[in-house]
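# Observations on the model geometry
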Number of protein chains: 2
Amino acid sequence: MRICIAQTRIKAAAPEDNFAEIEKAIAQAHSEQADVIILPEMALPGYFVGDGWERPAFIQKCEDFNHRIAALSGDAVVIFGSVATDPRARNEDGRLRKFNAALIAQNGKLLNNPCIGMPFWPKTLMPNYREFDDSRHFFDTRKLAAERQQSIQSLLKLFTLTLRNGQTLRLALGICEDAWSDDYPLNPYELMSSHGEKPDLMVNISCSPFTLGKHARRKKLFAGLSNKFSCPVVYVNAVGSQNVGKTIFTFDGDSGVYTPSGFHGIAPAFAAATRTLDLQSVANTTIADERPLSESSARNEELLTALEAGLSFVKDEWKLEKVVIGVSGGIDSALSAVLHARVFGAQNVFCVNMPSRFNSQLTIGAAQKLAKNLGCSFASLSIEESVQLTLNQLDDARQQGLPLPSLLNPLVAENIQARDRGSRILSATASALGAVFPCNANKSETTVGYSTLYGDHAGYLAPIADLWKSDVYGLANFYNQEIFSREVIPAETMQVIPSAELSAEQDVAQGKGDPLCYPYHDALFRLWVEEWNRFDFDSTLAAYDDGTLKNRLSDEAVQHLNRLFPTREEFKSDLKRWWNAYTGMGAFKRVQAPPVLAITRRSFGFDHRECVGFPRQL
Amino acid sequence: MRICIAQTRIKAAAPEDNFAEIEKAIAQAHSEQADVIILPEMALPGYFVGDGWERPAFIQKCEDFNHRIAALSGDAVVIFGSVATDPRARNEDGRLRKFNAALIAQNGKLLNNPCIGMPFWPKTLMPNYREFDDSRHFFDTRKLAAERQQSIQSLLKLFTLTLRNGQTLRLALGICEDAWSDDYPLNPYELMSSHGEKPDLMVNISCSPFTLGKHARRKKLFAGLSNKFSCPVVYVNAVGSQNVGKTIFTFDGDSGVYTPSGFHGIAPAFAAATRTLDLQSVANTTIADERPLSESSARNEELLTALEAGLSFVKDEWKLEKVVIGVSGGIDSALSAVLHARVFGAQNVFCVNMPSRFNSQLTIGAAQKLAKNLGCSFASLSIEESVQLTLNQLDDARQQGLPLPSLLNPLVAENIQARDRGSRILSATASALGAVFPCNANKSETTVGYSTLYGDHAGYLAPIADLWKSDVYGLANFYNQEIFSREVIPAETMQVIPSAELSAEQDVAQGKGDPLCYPYHDALFRLWVEEWNRFDFDSTLAAYDDGTLKNRLSDEAVQHLNRLFPTREEFKSDLKRWWNAYTGMGAFKRVQAPPVLAITRRSFGFDHRECVGFPRQL
């Protein structure tokens, strides 16, 4: 049996574009004599289409395209994901009843699902965590069962495909989450196989965003599924980029065949590909051992691939060409410049350094060196004059009667500098060039709002805001050592103390810098942000008190903790400072942050549900 | 029977504060000899607590407080909303199983719900539209029934309360959405009453945000419920302000008793109140006719009340004291200044006008007059010098080799001006004063991104971004006529053509202004943004073609449509321009917008799920 894995690139809410891709893939599959052609979940409409699901004309258009896809099937079987509806019924929000569905087409027609009496197979398990919002938009098999007062088993059965050679095949068909059933009270694949028959083929169509480390979990899960049912699992995932407004997700594809012995990779990661294979031969192939990598190299390689692929998709989707980057000589802007130069091409990346009296020659020189090493244009535009003008205008305001204190809080002048860079020089330069400029904030800063709104917080995208500061260093090193084999990111940048350089109190020449000790605070913030069952101020302090906190931190982080906080009071006072920053000003700033390119299983933006002012400041 | 309606102010994720309020209310109820004391849904934890629901220590704290509330009950019955858990079970995301629950306490203890064998009554219907996200966090009665393979009826029954005088009472208890069941396949109150008994008392505890026009729908719904079961319904709603990050909701309370004859208002709107009443006497009271108001006056009064209450809650929650307002002489900043002066006090509002060569004497004079009329300080700070400096620095960048065109796109200079105002002068002035400054964008501009990022798009809050431009005018007039009885907002401001005044092309003295014809475009944008089944480009054009579009617009909007677009091509070209703006740059800018104060049933922010770049530009 010849199976075609059509790992298409899906664009959100672009059925015309997606149909064109699907049409090409199906044509190629026919030319390669595929018996069964399998496309990803939501291959036609896209998955993260926001409120597009509330536009009846959009849904109707998708349904029209579903029939056009069916018309391409010929005597092959085409399995694809799309939106399907039951026009006789409503969702619980009173809108048209929609399903996240798998459809099967053959001989030009959509096949009927006898279990539900409609021509599609609905997704049974609806994820409602992370960026997933399926229950908001889609009805599901469980709700159908309840409504019809039928058992869920009666709606989940194997389906008999008849291939063009007359061979019949018992198919277990599921959509993405249907296979990730550990925390649900039911397992759809198991229920399908509970009617006294075994499946001949299991298929899972997905539109599953990349997450650091997910590929390894996916391999284990689907190989386990294949093993449990002694049956190959064909897994087809999408590629591309889709966003939920504040967070941008990259889809890694990585489609292939799972057998009890493991994963037979068929399609590449992060690239569209249509591959036809003989299922039996693939199943008989021995799985090659993966190239052994150190844990840290593997992590950096995964980060690098995902960031570059994600940025490349965004560039393409948003039709971007040029980028202006504010390079400070520090590590974050350096990594951002490297990523943009690799994805946009050095000739399209314009580095701008914006010195004030507080910037050291060390960092100014490092910024210039970085641009040269990357082959990017470079300009130096000072903020001194404008900052002075603003301070003079504050004097003027005072003279006109506004009750400004004569001695300003030092933060006032610091933030004026940061905004002058972001909202005056970078914005104007990018605008004049027809370019965009990124926000170079990392995840550590974003957690506690250590940035200036409309200043370094501004940008078209925050490409590294899902990387902890430690990851930023790790990846910068990896680029120098493994990719460039030279110091493209200057040694000064790697070595200088991290600092915003906005006042004499942050003078790097005197070793003064950020108030965060990243190796410790990164580890602490992870507990608040990334743990599935998240820590808060109370539970962190309790874990400190009962001695279990150190089990949650790396040895390095524990060493820093012991060094920084000789007493419980010092520990608690620092904890309180950053917890207030995280839930207070940090949350307030994140609401206005640029979109984040998601990497980890919890990035800021849509998945990190904010409640500004929560909780009461301690 | 004496019932106490404890319409408490609820703060999100502040169980300590909420407990203190609850304690006070219960003490007052006891002193007023209440037999039954009823508090709102989620009275203890707050409702919109973001990711607080993922913090086990927070949940544990709430459960501890639940017992402390129970301990206050004495021989009265206390009904309150909180989070409850089943520690033996998991939610479908693998986290602790949580319920949005009603709890009943008496004699110091939580009473057991015999239907589920746990000491609480779970919410049955889970809203997953608008800002509601219940399924993300909470398990519900329907899932319990499926898991236990029991009928839903068996889990929903009347509960017998025994009052301190020995009287027994059959109680039908539901939480908010349980009464709004029209689009669901089941009606919880009906199921409770389907076991051959009628309720003596129906209770609905809610944490239901204010929405323009909702109060009228609520009245109809609950009076209908009371009528259907010939039984009084006690409705207890929260007051206060809670946010979901990008959108700020105000809770209007408006608790009272519904009988078949209508609504007996007990607690005021938008203010905490504890009121004990004799249920029988209230039921016997004749309902007074409401003061008759014109439809437009009623709408403006509702807008005014909700905006001022919402802003007042925000001021209090975020501990704000002072506000800087960029007053342009236009209508939006004028309305914003009025709102802030009324809520913060004129002495705490500082008006700043920031002229450039493009601002007319007319608007500059109007801005000054407004500040004087309100009694606010006023300063004029020019942006000319800084804008020129920025343009000079762009020349410098060009000379340093960045490929800037020698003739800049006029938008470049326009946006430089707007950012200079928002991110330089207003930000610095507010920062120096320890104040905040609002974003004065209205909903029409926000829809199509007719604003400058980090410029007039910036601010701590967008208080009028849920008001269409037509509403802004209507409310401004209402203030002058009905509240102030004089022209606090100057006539020039009411009469001048709306304009950004960023170029000679927007010269109000020559009658040149915004590219939008608000009476028409407001009506068009409503179809895209606010319709439950939303229009898109295709369906709007189709409605134009088949003649049904005019049925969706006011007569005034149709007149403008006919005047503006003599041909289909002209109509279509304008439609395309704004549709692209709405789904393209508008969406991109909204991602970085300040929080919106929600007024309508669809405000921008969390409920308006964005998909940036959706769909392909036409």
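What you see is a predicted model; the values in this text were computed from it and never measured.

## Regarding the sheet that holds strand S18 (residues 377-380) of chain A
Residue and element names in this part refer to chain A. Strand order in the open sheet made by the three strands is S16-S17-S18, with parallel pairing throughout. Looking along the sheet, the strands with just one partner apiece sit at the ends: strand S16 (323-326) and S18. Adjacent strand axes in the sheet meet at a mean angle of 25 degrees, parallel and antiparallel pairs treated alike. Pairing analysis gives four bridges linking S16 to strand S17 (residues 349-353), with the strands arranged parallel.

## Description of the nonpolar core
Counting residues in hydrophobic clusters, the biggest one holds 162 residues, and the most contacted among them are A:Val324, A:Tyr460, A:Leu475, B:Val324, B:Tyr460 and B:Leu475. Setting aside chain neighbours within four positions, we find A:Val324 in contact with A:Phe350, A:Val352, A:Leu426, A:Thr429, A:Ala430, A:Leu433, A:Ala435, A:Val436, A:Phe437 and A:Pro438. Core analysis: the next-biggest nonpolar cluster, separate from the first, contains 158 residues, A:Ile22, A:Cys115, B:Ala6 and B:Leu155 among them.

## Brief notes about the relation of the copies chain B and chain A
The transform that puts chain B on chain A rotates by 180 degrees and translates by 0.0 Å along the axis, for an RMSD of 0.0 Å. Classification of the inter-copy transformation places it as that of a two-fold axis. Distance from the rotation axis, computed per C-alpha, reaches its smallest value in chain B at B:Gln592: 2.1 Å. Both copies contact each other with a shared surface, as 100% of the interface residues of chain B are interface residues in chain A too.

## Remarks on the sheet that holds strand S7 (residues 159-162) of chain A
Residues and elements named next belong to chain A. Judged by pairing direction, the sheet is mixed, and its six strands sit side by side in the order S7-S8-S9-S10-S13-S14 without closing on themselves. Looking at which strands have only one partner, the edges of the open sheet turn out to be S7 and strand S14 (262-265). Geometrically, the sheet is characterised by an average inter-axis angle of 30 degrees between neighbouring strands, direction not taken into account. Relative to S14, strand S13 (residues 256-259) runs antiparallel, the two sharing four bridges. Looking at the pairing, Thr259 lines up with Gly262 of S14. This element, helix H6 (residues 214-229), spans strand S9 (201-206), strand S10 (233-237), S13 and S14 of the sheet and lies at about 55 degrees to S13.

## Considering the side chain of B:Asp332
Here B:Asp332 lies in helix H9 (residues 331-344). With near-sequence residues (within four places) excluded, B:Asp332 lies in contact with B:Asn440, B:Asn442, B:Glu445, B:Ile464, B:Lys469 and B:Val472.

## Considering the interface of chain B and chain A
Contact with chain B, which involves 107 residues of that partner, is made by 107 residues of chain A. Together, the buried faces of chain B and chain A total about 9,000 Å²; carbon and sulfur atoms form 54% of this surface. Summed over the shared surface of chain B and chain A, the number is 16 salt bridges. Across the chain B-chain A interface, the total number found is 45 residue pairs in polar contact (both at pLDDT 80 or more). Considering every element that reaches the side of chain B that touches chain A, the biggest residue donor is helix H12 (residues 410-433) of chain B, with 13 residues. Considered class by class, the residues forming the side of chain B that touches chain A number 52 nonpolar, 25 polar and 30 charged.

## Let's talk about the packing of aromatic side chains
All chains considered together, the criterion is met by 58 aromatic pairs over all chains. Seen in terms of ring centroids, A:Tyr454 and B:Tyr454 are 6.3 Å apart; in terms of plane orientation they differ by 45 degrees. Their pairing is tilted. Of the two residues, A:Tyr454 sits in the loop between helix H13 (443-448) and helix H14 (469-484) while B:Tyr454 sits in the loop between helix H13 (443-448) and helix H14 (469-484), which places them in two different chains. Measuring from ring centre to ring centre gives 5.8 Å for B:Tyr129 and B:Trp532, while their planes differ by 75 degrees; the resulting arrangement is edge-to-face. Residue B:Tyr129 is located in the loop between strand S6 (121-122) and helix H3 (134-137), and its partner B:Trp532 is located in the loop between helix H16 (518-529) and helix H17 (537-545); the two are separated by 403 residues in the primary sequence. Accessibility assignment for this pair places B:Tyr129 and B:Trp532 in one class, buried. One aromatic cluster is present, formed by A:Tyr47, A:Phe48, A:Tyr129, A:Phe132, A:Phe249, A:Phe251 and A:Trp532 through successive ring pairs. In this structure, A:Lys315 is placed above the aromatic ring of A:Phe344, and the distance from its NZ or CZ to the ring centre is 5.6 Å. Directly above the ring of B:Phe606 sits B:Arg609, whose terminal nitrogen or CZ lies 4.2 Å from the centroid.

## As for the pairing of strand S12 (residues 247-252) of chain B
All names here are of chain B. Counting buried positions over the six residues of S12 gives six, a clear majority of the element. Here S12 shows no split at all, with Thr247, Phe249 and Phe251 on one side and Ile248, Thr250 and Asp252 on the other all buried. Linking strand S11 (residues 239-243) back to S12 in an antiparallel pair, the connection comprises three residues, with Gly245 at a positive phi of about 80 degrees. By the bridge criterion, two bridges tie S12 to strand S19 (residues 596-597) in an arrangement that is parallel. Bridging across to S19, Thr247 finds its partner in Val596.

## Concerning the packing of H9(B) against H14(B)
Each pair of packed helices can be described by the angle between their axes along with the distance between the axes. Residue and element names in this part refer to chain B. Where H9 contacts H14, the two axes come as close as 10 Å, and the packing angle between them is 50 degrees. In terms of axis orientation, H9 runs oblique to H14. The interaxial crossing formed by H9 with H14 has left-handed handedness. For the pair formed by H9 and H14, the contact residues are Ile331, Asp332, Leu335, Val338, Leu339 and Arg342 on the first element and Lys469, Val472, Tyr473, Leu475, Ala476, Tyr479, Ile483 and Phe484 on the second. Looking at the contact of H9 with H14, its residues break down into 11 nonpolar, no polar and three charged.

## Here's the deal with the side chain of B:Thr124
Mapped onto the elements of the fold, B:Thr124 is located in the loop between S6 and H3. In contact with B:Thr124, not counting residues within four places along its chain, are B:Asp140, B:Thr141, B:Arg142, B:Ile152, B:Leu156, B:Asp178, B:Leu186 and B:Pro188.

Each value, and the rule that gives it
- Residues numbered from 1 in each chain as written.
- Chains lettered and ligands numbered in written order.
- Predicted model: local features only at pLDDT ≥ 70, side-chain atom pairs only at ≥ 80, totals over all residues.
- Heavy atoms only, no water.
- Pairing = 2+ DSSP bridges.
- Helix = DSSP H or I, 4+ residues; strand = E, 2+ residues; numbered from the N terminus.
- Axes fitted to C-alpha atoms, helices over the stretch in contact; angles between N-to-C directions.
- Core = buried A, V, L, I, M, F, W, Y, C linked by side-chain atoms within 4.5 Å.
- Buried < 20%, exposed > 50% of the residue type's maximum accessible area, 1.4 Å probe, protein only.
- Contact = heavy atoms within 4.5 Å.
- Least-squares fit on C-alpha atoms with pLDDT ≥ 70 in both.
- Buried area = accessible area lost by both parts, 1.4 Å probe.
- Salt bridge = Lys/Arg side-chain N within 4 Å of Asp/Glu carboxyl O.
- Polar contact = N/O pair within 3.5 Å; in protein donor to acceptor, adjacent residues only side chain to side chain.
- Nonpolar A, V, L, I, M, F, W, Y, C, P; charged D, E, K, R; others polar.
- Phe/Tyr/Trp six-rings, centres within 6.5 Å; stacked < 30°, edge-to-face > 60°.
- Lys NZ or Arg CZ within 6 Å of the ring centre and 35° of its normal.
- Parallel < 35°, antiparallel > 145°, perpendicular 65-115°, else oblique.
- Left-handed = near helix turned anticlockwise from the far one by under 90°.

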